[in-house]
Amino acid sequence: MERTLIIIKPDGVQRALVGNVISRFEQRGLRIAGMKLIQISRELAEEHYAEHKGKGFFEPTVKFITSSPVVVMCLEGANAVVAARQTMGATRPPEAAPGTIRADLGLDVSRNIVHGSDKPETAEREIKLYFKPEELISYTRAGDVWLKE
Ligand code: DAT
Ligand code: MG
């Protein structure tokens, strides 16, 4: 069982795509371990995007992610990191495969609707940025036994 950190970015919330995006992850089989609506501070955004500091898109990306509320989720499941990235699609919507969130719902890299951790180690770091341990709940859904042999 693996965990990943997902953010429905300001464009997703403002375009009323929250339910659509959550549905896709749920239908994939991923389980919601934690979820909340928050407004990201500049400090948190800079820490979240620290690996991109110095790049041209860093400042606009920080401005954007702090511009309006976001939904943060911790999702749980087998290979959750890779599975969620697949369901999201490639970073640039024109390169994302049809059927993915970024291809179906977006057009431009700067407004690509969702964030998802890129590696298990990143997920561990990012989950800690957004959730206290007591905000994450481990439980079993009735349907979980139907997700694998
Ligand atoms: P991902 O979000 O797929 O992990 P990333 O970590 O390379 O992609 O970049 C983080 C975010 O920064 C990305 O979702 C959107 C923004 N971004 C990346 N490259 C960009 C670019 N060339 N122009 C504008 N925004 C960009
Ligand atoms: Mg990334």
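**Student:** So what about the environment of Pro 133? Which residues, and what values?
**Tutor:** Along the chain, Pro 133 turns up in the segment after α7 (120-130). Taking relative accessible area as the criterion, Pro 133 reaches 70% and is therefore assigned exposed. Between the C-alpha atoms of Pro 133 and Arg 28, which are 105 residues apart in sequence, the distance is 25 Å.

**Student:** Help me get a handle on the site of ligand 1, residues and values and all.
**Tutor:** Around ligand 1 sit Lys 9, Tyr 49, His 52, Phe 57, Thr 61, Arg 85, Thr 91, Arg 92, Arg 102, Val 109 and Asn 112, and that is every residue in its neighbourhood. At a separation of 2.8 Å, an oxygen atom of ligand 1 approaches a polar side-chain atom of His 52. A distance of 2.5 Å separates an oxygen atom of ligand 1 from a polar atom in the side chain of Thr 91. Computed on the free molecule, ligand 1 has an accessible area of 520 Å², of which 79% lies beneath the protein chains in the complex. The residue inventory of the shell around ligand 1, partitioned by class, reads 3 nonpolar, 4 polar and 4 charged.

**Student:** Describe in detail the sheet that holds strand β2 (residues 31-38), supporting the description with residues and values.
**Tutor:** Sheet architecture is open: 4 strands sit in the order β2-β3-β1-β4, paired in antiparallel fashion. The two strands at the open ends of the sheet, each matched to only one other strand, are β2 and β4 (114-116). Averaged over all pairs of adjacent strands, the angle between their axes in this sheet comes to 15°, without regard to strand direction. Sheet topology note: the β2/strand β3 (residues 70-77) ladder contains 7 bridges and is antiparallel. In the strand pairing of β3, Ile 32 is matched with Leu 75. Against the sheet, helix α5 (residues 80-88) engages β1 (2-8), β3 and β4, with an angle of about 30° to β1.

**Student:** Describe in detail the environment of Ile 113, supporting the description with residues and values.
**Tutor:** Along the chain, Ile 113 turns up in the loop between α6 (101-105) and β4. Under the relative-accessibility criterion, Ile 113 is labelled buried at 0%. It is 13 Å that separates the C-alpha atoms of Ile 113 and Ser 67, two residues lying 46 residues apart in sequence. Contact partners of Ile 113, with chain neighbours within four places excluded, come to Ile 7, Ile 8, Lys 9, Asp 11, Gly 12, Arg 15, Val 21, Ile 101, Leu 105 and Gly 106.

Reading the values: rules and limits
- Residues numbered from 1 in each chain as written.
- Chains lettered and ligands numbered in written order.
- Predicted model: local features only at pLDDT ≥ 70, side-chain atom pairs only at ≥ 80, totals over all residues.
- Heavy atoms only, no water.
- Helix = DSSP H or I, 4+ residues; strand = E, 2+ residues; numbered from the N terminus.
- Buried < 20%, exposed > 50% of the residue type's maximum accessible area, 1.4 Å probe, protein only.
- Near = heavy atom within 4 Å.
- Polar contact = N/O pair within 3.5 Å; in protein donor to acceptor, adjacent residues only side chain to side chain.
- Areas by Shrake-Rupley, 256 points an atom, 1.4 Å probe, with all protein chains shown as cover.
- Nonpolar A, V, L, I, M, F, W, Y, C, P; charged D, E, K, R; others polar.
- Pairing = 2+ DSSP bridges.
- Axes fitted to C-alpha atoms, helices over the stretch in contact; angles between N-to-C directions.
- Contact = heavy atoms within 4.5 Å.

Shape is all these values report; function is a separate question.
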